[in-house]
Amino acid sequence: MDFFPLLENLSLFDGFDAEVLSSLFRDGGARLGSYPKGQMLYLHGQVCTTLDVVVAGKVSIQSVDEEGKVFKVQILEPGDVWGATLLFSRYNHYPMTVVSEDDSAVLHLPKVLVLDLCETRVKFLSSLLELVSDRAHELSMTVTKLSAQSLRERLLAYLQNLSVIQGSNTVVLPTSKKELAERLGFARTSLSREFASLVEEGFLSYSGRRVILHISSQN
């Protein structure tokens, strides 16, 4: 399959013609990887050495807890880029695992090629800086939103998210309540009191790590 028309439609390669795109592979070390559904592209802790662009299919960034449960943090579709915030960082290890969700094609651009494109193509540099800036803004907004939430709001949002992931109103906590309290940024005793209040008010019931979300918790 000829992927060059697909690449030409990606914002990162605005203004690149087929000949220029061919030179990325011929002279620049770019590589197009094909990955079947379920294949891991990168493991947690692996060093990031390329800027990657989804050309076809879907790719997920996910974490796996100590019990083997998977949380898909982000689904990337054609045109989406990852590695931009890691490639030039001193902390350039993948914080999560990257997995192909479908039969996917991914363009891998080595660091030296990315530097060269930034020096020679202003539009590429501008698009890349925009991607990095947008990612930083998303992270800032997430942190701000979390900081403004009460313990109840964070706990219910977390439980409802687990409900979606596990496909049931009955969920199993992947961590101890102590670890959950640390994750939510509150004391263990505060979390216990909030659980008790939610039970008393009919939002949920629980036994150990097994939590049943009642219909009122969705309102």
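1. Describing the pairing of strand E4 (residues 59-64)
Look at any regular strand and the pattern is simple: side chains alternate between the two faces of the sheet.
Consideration 1: Judged from the six bridges that link them, E4 and strand E5 (residues 70-76) form a sheet pairing that is antiparallel. Residue Ser 60 lies in a different strand from E5, and its bridge partner there is Ile 75.
Consideration 2: Direction of pairing for E4 relative to strand E7 (residues 97-100): antiparallel, over a ladder of four bridges. Counterpart to Val 59 in the pairing with E7 is Ser 100.

2. A look at helix H2 (residues 18-26)
Consideration 1: Among the residues making up H2, those that are buried are Val 20, Leu 21, Ser 22 and Leu 24.
Consideration 2: In the core, the buried residues of H2 are packed alongside helix H1 (4-8) and helix H3 (111-120).
Consideration 3: Measuring from the backbone nitrogen of Glu 19 back to the side-chain oxygen at the start of H2 gives 3.2 Å, which picks out Asp 17 as the cap.

3. Comments concerning the environment of Leu 213
Consideration 1: The residue Leu 213 is located in strand E11 (residues 210-213) in this model.
Consideration 2: Spatially, the C-alpha atom of Leu 213 lies 8.2 Å from that of Ser 163, the residues being 50 residues apart in sequence.

4. What to know about the sheet that holds strand E2 (residues 40-42)
Across a sheet, strands are paired by hydrogen bonds formed along the backbone, either parallel or antiparallel in direction.
Consideration 1: Read across the sheet, four strands follow the order E2-E7-E4-E5 without closing on themselves; strand pairing throughout is antiparallel. The open sheet has two edge strands with one neighbour each: E2 and E5. For this sheet the average axis-to-axis angle between neighbouring strands, irrespective of direction, equals 35°.

5. Notes on a nonpolar patch on the surface
Consideration 1: A grouping of Phe 71, Val 73 and Ile 165 is seen on the molecular surface, where their side chains present a nonpolar patch of about 220 Å² in accessible area.
Consideration 2: By the element assignment, Ile 165 lies in helix H5 (residues 151-166).
Consideration 3: Of the residues examined, Ile 165 reaches a relative accessible area of 37% and is grouped as partly exposed.

6. Points about the confidence of the model for the protein
Consideration 1: For the protein, mean pLDDT is 84; residues scoring 70 or higher make up 89% of the total.
Consideration 2: The lowest-confidence element of the protein is helix H4 (residues 122-148), averaging 73 in pLDDT; the highest-confidence one is E2, averaging 95.

7. Considering helix H6 (residues 177-184)
Consideration 1: Of the residues making up H6, those classed as buried are Lys 177, Leu 180, Ala 181 and Leu 184. Projected onto a plane normal to the axis of H6, the buried residues spread over an arc of 100° and lie on a single side.
Consideration 2: Those residues of H6 that are buried lie in contact with H5, helix H7 (188-200) and strand E10 (204-207).
Consideration 3: Gly 185 sits one or two residues past H6 and shows a positive phi near 85°.

8. Examining the packing of H5 against H7
Consideration 1: Running from N to C, H5 and H7 cross one another at 70°; their axes reach a closest spacing of 10 Å. Here H5 is positioned roughly perpendicular relative to H7, judged by the angle of their axes. Residues Leu 151, Arg 152, Leu 155, Leu 156 and Leu 159 of H5 form the contact with H7, whose own contacting residues are Ser 190, Leu 191, Glu 194, Phe 195, Ser 197 and Leu 198.
Consideration 2: Counted by class, the contact of H5 with H7 contains seven nonpolar, two polar and two charged residues.

9. Focus: the environment of Ser 63
Consideration 1: Examined against the element boundaries, Ser 63 turns out to sit in strand E4.
Consideration 2: Between the C-alpha atoms of Ser 63 and Val 73, which are ten residues apart in sequence, the distance is 7.3 Å.

10. Quick notes on the pattern of salt bridges
Consideration 1: Tallying each qualifying case throughout the model produces six salt bridges.
Consideration 2: For Glu 19, the salt bridge goes to Arg 26, with nearest N and O atoms at 3.3 Å.
Consideration 3: Here Glu 77 and Lys 58 are joined by a salt bridge, their closest N and O atoms 3.7 Å apart. Highlighted residues: Glu 77 in the loop between E5 and strand E6 (81-82) and Lys 58 in the loop between strand E3 (50-56) and E4, separated in sequence by 19 residues.

11. Notes on the packing of aromatic side chains
Consideration 1: If you walk through the whole model with that rule in mind, you get five aromatic pairs.
Consideration 2: When the ring of Phe 13 is compared with that of Phe 16, the centres are 5.4 Å apart and the planes differ by 80°; the resulting orientation is edge-to-face. For the residue pair Phe 13 and Phe 16, the accessibility class agrees, reading buried in each case.
Consideration 3: Ring plane angle 20° and centroid distance 4.4 Å describe the contact between Tyr 42 and Tyr 94, whose orientation is recorded as stacked.

Parameters at a glance
Residues numbered from 1 in each chain as written. Predicted model: local features only at pLDDT ≥ 70, side-chain atom pairs only at ≥ 80, totals over all residues. Heavy atoms only, no water. Pairing = 2+ DSSP bridges. Helix = DSSP H or I, 4+ residues; strand = E, 2+ residues; numbered from the N terminus. Buried < 20%, exposed > 50% of the residue type's maximum accessible area, 1.4 Å probe, protein only. Contact = heavy atoms within 4.5 Å. Polar contact = N/O pair within 3.5 Å; in protein donor to acceptor, adjacent residues only side chain to side chain. Axes fitted to C-alpha atoms, helices over the stretch in contact; angles between N-to-C directions. Patch = residues over 30% accessible without salt bridge, like charges linked within 9 Å, V, L, I, M, F, W, Y side chains within 5 Å. Areas by Shrake-Rupley, 256 points an atom, 1.4 Å probe, with all protein chains shown as cover. Salt bridge = Lys/Arg side-chain N within 4 Å of Asp/Glu carboxyl O. pLDDT = per-residue confidence, 0-100. Arc of directions from axis to C-beta. Parallel < 35°, antiparallel > 145°, perpendicular 65-115°, else oblique. Nonpolar A, V, L, I, M, F, W, Y, C, P; charged D, E, K, R; others polar. Phe/Tyr/Trp six-rings, centres within 6.5 Å; stacked < 30°, edge-to-face > 60°.

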